[in-house]
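A look at the structure
For reference, the chains in residue letters:
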Amino acid sequence: MTNTNCWVTIPENSDFSIHNIPFGIFSDKNAAKRVAIAIGDHILDLSKVADTGLFDPLNIDKSVFTNTYLNAFIDLGKSKTNAVRNLIQKELCNDTSVLKEHPSVLIPQKDATLHLPVFIRDYTDFYSSIEHATNVGTMFRDPDKALMPNWKHLPVGYHGRASSITVSGHDVHRPMGQTMPPNAENPIYGPSKRVDFELEMGFIIGKNTALGNTLSTSNAENYIFGKVLLNDWSARDVQKWEYVPLGPFLAKSFASHISPWIVTMEALDPFRVPGPNQDPAVLPYLEFSGDKNFDINLEVAIQPENKEETVVSNSNFKYMYWNMAQQLTHHTMNGCNINVGDMMASGTISGKSKDSYGSMLELTWGGKNPVTLKDGSERKFIDDNDTVIIRGYSKKGDIRVGFGEVRAKILPVKSN
Ligand code: MN
């Protein structure tokens, strides 16, 4: 199966190749929110596909395709959701497909509005890039003790805020906050002066666990439906003052953005790679076998208002020290239950080289070395009316599987 033998036109280098088939929620001028997949520059309306009878042999309740979120669809389980994905893949390359008799199942992406794909009840953010944790520890604390003593023994994380997670394209206002200015004696209240992005990926839980049950590194991936790009917006001046001793709070909760299409674990399977060596050895419950890191190219661009964008970071998901199976195993080891649609995020994904750092905090080293954009302007952090765009894709031979993008603009402080 290749892009060129499909009857749907798939542009070369499209993120949404025949190998991808990611799931999302869209609406258009004709209908309310419903389930779709992305293919090339089009989306395929799965509620209309279901009406053709194509899914009848799979014995799926059609109502899952007209829901406003993917949760009910995902909850069918991988045997059903993979069967849908495989069938669509086959039909889009089958010249006698019943879908060709129903041209309205395909809609140009430009005519559709994409929505938050899942209802996210719980959101956890890990801190699993050793380069990022080392950089931040060096700046916020002590270069000689940048990593806390626990860091190489467990995937550190915190419970984030799910209510303010939104989808690409929804702009966000600069947050107000309490900060302690350098050399000041008292804190002040005002607009954050250090709004930053965090280049991250999130994974979406595909299967519930019961309270009290635990997962292992060998079965944890069965509980992951797929992945999205994530910008975990961070107000660094607020964070620096508030984070002691319980970790991030309002510096992170004002907004997080995800990409609209969930790329399945099955689509990412060809891009498995070994992860970094874990030394010292992890405790037995965190040991794993097989390749559990993924080679996913990531980039971040900043686009000032009405100007050309500048790519400021090139990173890769394969750099992660702790993999998703370890994160999820650790998350459930105390019996805490997980639910379909929950999101777990990687933490900022930085590489070793300075141009692979996943935040402005690291790229400008705390604001000391500003980044110069193509229009000649300089950035220490994100200015009002700047748009931040994160993109990601995997490629191996002729197989390309991409995530599209997550973009959002920082608007000035909201006047109430
Ligand atoms: Mn984060």
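One can find the structure itself at the top, above this paragraph.
For the structure given in this document, a descriptive report is provided here. (Residues numbered from 1 in each chain as written. Predicted model: local features only at pLDDT ≥ 70, side-chain atom pairs only at ≥ 80, totals over all residues. Heavy atoms only, no water.)

Right, let's get into the overall build of the chain. Along its length, the chain carries 9 helices and 26 strands. Over its C-alpha atoms the chain spans a radius of gyration of 22 Å, differing by no more than 12% from the 22 Å that the globule rule assigns to 416 residues. Principal-axis analysis of the C-alpha atoms gives the chain an extent of 70 × 55 × 40 Å. Contacts spanning at least 24 positions in sequence make up 72% of the contacts within the chain whose residues lie at least 6 apart. Counting every atom, the chain has about 18100 Å² of accessible surface; 50% of that belongs to carbon and sulfur. Positive and negative side-chain charges in the chain, numbering 41 and 47 respectively, have mean positions lying 1 Å apart. (Helix = DSSP H or I, 4+ residues; strand = E, 2+ residues; numbered from the N terminus. Rg over C-alpha atoms; globule rule 2.2 N^0.38 Å. Contact = heavy atoms within 4.5 Å. Areas by Shrake-Rupley, 256 points an atom, 1.4 Å probe, with all protein chains shown as cover. Lys, Arg positive; Asp, Glu negative; His and termini not counted. Charge placed at Lys NZ, Arg CZ, Asp CG, Glu CD.)

Here the focus is the nonpolar core. In this structure, Phe197, Trp233, Phe317, Leu328 and Ile382 are the most contacted members of the largest nonpolar core, which totals 56 residues. It is strand 26 (residues 399-411) that provides the largest number of residues to this core, a total of 5 residues. In this view, isoleucine 382 contacts Arg174, Val195, Asp196, Phe197, Trp233, Ile302, Met360, Val388 and Ile410; residues no more than four positions away in its chain are not counted. Counting residues in each nonpolar core, the second largest holds 46 residues, with Ile18, Leu70, Ile204 and Val228 among its members. (Core = buried A, V, L, I, M, F, W, Y, C linked by side-chain atoms within 4.5 Å. Buried < 20%, exposed > 50% of the residue type's maximum accessible area, 1.4 Å probe, protein only.)

The full count for this structure, using the stated rule, is 24 salt bridges. For arginine 391, the salt bridge is made with glutamate 299, and the minimal N-O distance between the two is 2.9 Å. In this pair, arginine 391 sits in strand 25 (residues 387-396) while glutamate 299 sits in strand 20 (residues 297-303), placing the two residues 92 residues apart along the sequence. Via salt bridges that share partners, Asp196, Glu198, Asp232, Arg236 and Lys252 belong to a single interconnected network. (Salt bridge = Lys/Arg side-chain N within 4 Å of Asp/Glu carboxyl O.)

Turning to the pairing of strand 2 (residues 31-39), a few remarks are in order. Summarising the sheet, strand 1 (residues 23-28) and strand 2 pair through 5 bridges and their orientation is antiparallel. Bridge pairing in strand 2 links glycine 24 to alanine 36. Between strand 1 and strand 2, which pair antiparallel one after the other, the connecting turn spans 2 residues. Counted between consecutive antiparallel strands, the loop separating strand 2 from strand 3 (residues 42-45) contains 2 residues, among which glycine 40 sits at a positive phi close to 55°. (Pairing = 2+ DSSP bridges.)

This next bit is on the coordination of the manganese ion. Taken together, the protein donors to the manganese ion comprise Asp125 (OD), Glu198 (OE), Glu200 (OE) and Asp232 (OD), at separations of 2.0 to 2.2 Å. All donors to the manganese ion come from one chain, and their sequence spacing reads D-x72-E-x1-E-x31-D. Remark: aspartate 232 occurs in the loop between strand 14 (224-231) and strand 15 (234-235) and glutamate 198 occurs in the loop between strand 12 (195-196) and strand 13 (199-205); sequence separation between them is 34 residues. Taking relative accessible area as the criterion, glutamate 198 reaches 4% and is therefore assigned buried. Taking the relative accessible area as the measure of exposure, aspartate 232 reaches 0% and is therefore buried. (Donors = N, O, S within 2.8 Å, 3.2 Å for Na, K, Ca; no water.)

Moving on, we get to the sheet that holds strand 20. What the 5 strands build is an open sheet, ordered 9-26-25-20-21; its pairing is mixed. Of all strands in the sheet, those bounded by a partner on one side alone are strand 9 (172-173) and strand 21 (310-316). Examined bridge by bridge, strand 25 and strand 26 share 9 bridges and lie antiparallel to one another. Bridge pairing links isoleucine 389 to arginine 407 in strand 26.

As a further point, take the sheet that holds strand 1. Here 5 strands make up an open sheet; going across it, the order is 4-3-2-1-5 and the pairing antiparallel. If you trace the sheet from one side to the other, it starts and ends with strand 4 (106-108) and strand 5 (113-115), each paired once. Going across the sheet, the axis of each strand differs from the next one's by a mean of 45°, ignoring polarity. Judged from the 4 bridges that link them, strand 2 and strand 3 form a sheet pairing that is antiparallel. Each bridged residue has a counterpart across the sheet, and for isoleucine 39 the counterpart in strand 3 is histidine 42. (Axes fitted to C-alpha atoms, helices over the stretch in contact; angles between N-to-C directions.)

Our focus in this paragraph is a positive patch on the surface. The grouping of Arg194, Lys240, Lys368 and Lys380 at the surface amounts to a positive patch. Looking at where lysine 240 falls in the secondary structure, it is placed in helix 5 (residues 236-242). Residue lysine 240 is classed as partly exposed on the basis of its relative accessible area, which comes to 48%. (Patch = residues over 30% accessible without salt bridge, like charges linked within 9 Å, V, L, I, M, F, W, Y side chains within 5 Å.)

What follows is about helix 4 (residues 130-140). Of all 11 residues that make up helix 4, 9 are buried, and the element is covered over most of its length. Taken as a whole, helix 4 has its buried residues at Ile130, Glu131, His132, Ala133, Asn135, Val136, Gly137, Met139 and Phe140. In this structure, the buried residues of helix 4 make contact with helix 5 and helix 9 (360-363).

Geometry only, nothing functional implied.
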